[in-house]
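Survey of secondary and tertiary structure
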Amino acid sequence: MIDVLLSVTQDAHTLARQAAARLADAPLAEVGVDREPDGRPVLTGAGAGLEVSISHSHGIAVVAVTAEGPIGVDVEQVRDLPSVELAARWFAPQEAAWVARHPDDFLLLWTQKEATGKAYGRGLRDGGLRRLMPLPPAANQPAALPQPGSSPGIVLTSWSYRVVTQPATEVVISVATVGTPVAGQVRVDFRDVSRTTSTSAM
């Protein structure tokens, strides 16, 4: 179970505490958020033992919390970008060629790389931007990434979501987990706590 919360009205630490309290079945006051020396967020109190990842983009906060192992989440607001030029500079040649033909997929690949790097605990260091990601249509489904060397495998889930604000904002969200058995068993319970609706992605 992965709990993913999004808000345009609450800060990410509050969201992380809410998600952890829900998974731990504990009062919100008993859950805290701290930082490891490298800056990675960590849950404390009743949330200890759960994994958390936090991301921000243009006033939008997203958190992912799970008891299943290391996790990474990334969110980007959809906006005008020099996608083809950025992909040519930072991505592997086959991904850059894909973006040249499908510029709207740039943020999908970017958030996948960010989320995967967070799940591995390395961010985008050591060539993370050149780490190959699934290309659409596979990118829009839970997808198992090849295992790099002896590292645990990554399962990646990506989707787009339109946030109803003034003005309406569209975001791209990617979630990556380490060592999840198979992609089909990943359940993402996605809730926009700025509103009263919720959706689930499998």
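Let us look at the structure shown here. The numbering scheme is per chain: residues are counted from 1 as the chain's sequence reads. Selection of residues for local features in this predicted model requires a pLDDT of at least 70, selection of side-chain atom pairs for listing and counting requires 80 or more, and totals for whole chains, interfaces and linings are taken over all residues. Hydrogens are left out, water is left out, and the side-chain values use all remaining heavy atoms of the structure.

1. Focus on helix 3 (residues 93-101)
We call a residue buried when its accessible area falls under 20% of the maximum for its residue type, exposed when it is over 50%, and partly exposed in between, using a 1.4 Å probe and counting protein chains only. A run of H or I in DSSP counts as a helix once it spans at least four residues, and a run of E counts as a strand once it spans at least two, with each numbered from the N terminus. The complete set of buried residues in helix 3 reads Glu95, Ala96, Trp98 and Val99. Buried residues of helix 3, viewed axially, fall in a sector of 160°; they line one side. Exposed side chains of helix 3 directed beyond 90 degrees from the buried face belong to Pro93 and Arg101. Each direction from the helix axis to a C-beta atom contributes to the arc, which is the arc of those directions.

2. Some thoughts on the pattern of salt bridges
Basic side-chain nitrogens of Lys or Arg form a salt bridge, by our definition, when they fall within 4 Å of a carboxyl oxygen of Asp or Glu. Inspection of every chain in the model, using the stated rule, returns four salt bridges. With a closest N to O distance of 3.9 Å, lysine 118 and aspartate 74 form a salt bridge. With lysine 118 in helix 4 (residues 106-120) and aspartate 74 in strand 6 (residues 71-77), this residue pair connects regions lying 44 residues apart in the sequence. The two residues lysine 118 and aspartate 74 agree in class, both being buried. We note a salt bridge from glutamate 76 to arginine 79, for which the minimum N-O separation is 3.1 Å. According to the relative accessible area criterion, arginine 79 is partly exposed, its value standing at 31%.

3. Re helix 4
Every helix has an expected span of 1.5 Å times one less than the residues it contains. Compared with the 21 Å implied by 1.5 Å per residue over 15 residues, the 21 Å span of helix 4 between its first and last C-alpha is a close match. Taking burial as the measure, the 15 residues of helix 4 include 15 buried ones, the bulk of the element. Within two residues after helix 4, glycine 121 carries a phi angle of roughly 80°, on the positive side.

4. A short note on the packing of helix 2 (residues 83-90) against helix 3
Lines are fitted to the C-alpha atoms to define the axes, a helix being fitted only along its stretch in contact, and any angle between axes, read from their N-to-C directions, falls within 0 to 180 degrees. Where helix 2 meets helix 3, the axes come as close as 8 Å, and the angle between the chain directions of the two elements is 175°. For the element pair helix 2 / helix 3, the angle class is roughly antiparallel. Contact residues: helix 2 offers Ser83, Val84, Ala87 and Ala88, while helix 3 offers Ala96, Val99 and Ala100. For the contact of helix 2 with helix 3, a count of residues per class yields six nonpolar, one polar and no charged. Note on terminology: angles under 35 degrees are roughly parallel, angles over 145 are roughly antiparallel, angles of 65 to 115 are roughly perpendicular, and the others are oblique. Note on contacts: a residue pair is in contact if any heavy atoms of the two residues lie within 4.5 Å. When residues are grouped by polarity, Ala, Val, Leu, Ile, Met, Phe, Trp, Tyr, Cys and Pro land in nonpolar, Asp, Glu, Lys and Arg in charged, and all others, Gly among them, in polar.

5. A look at unusual backbone geometry
The phi dihedral of aspartate 25 is positive, around 55°, even though this residue is not glycine. Mapped onto the fold, aspartate 25 is located in the loop between helix 1 (12-24) and strand 2 (31-35). On the accessibility criterion, aspartate 25 (72% relative accessible area) is exposed. Phi is positive for histidine 58, which is not a glycine, with a value near 50°.

6. Description of the environment of alanine 119
Among the structural elements, alanine 119 can be located in helix 4. C-alpha of alanine 119 to C-alpha of threonine 177: the two residues are 58 residues apart in sequence and 5.9 Å apart in space. Not counting residues within four places of it along the chain, the set of residues in contact with alanine 119 comprises Arg40, Pro70, Ile71, Gly72, Ile154, Ala176 and Val178.

7. Points about the environment of valine 171
Mapping valine 171 onto the fold places it in strand 9 (residues 169-178). Considered as a pair, valine 171 and glutamate 76 are 95 residues apart in the sequence and their alpha carbons are 5.5 Å apart.

8. Structural notes on the packing of aromatic side chains
Here the aromatic set is Phe, Tyr and Trp, taking the six-membered ring for Trp, and pairing holds for ring centres within 6.5 Å; pairs whose planes are under 30 degrees apart are stacked, those over 60 apart are edge-to-face, and all others are tilted. All chains considered together, the criterion is met by three aromatic pairs. Ring geometry for phenylalanine 91 and tryptophan 110: centres 6.3 Å apart, planes at 35°, overall tilted. Of this pair, phenylalanine 91 sits in the loop between helix 2 and helix 3 while tryptophan 110 is found in helix 4, placing the two residues 19 residues apart along the sequence. According to the relative accessible area criterion, tryptophan 110 is buried, its value standing at 17%. Taken together, the ring pairs connect Phe91, Phe106 and Trp110 into an aromatic cluster.

So, to be careful, I would describe these as geometric facts and stop short of saying anything about function.
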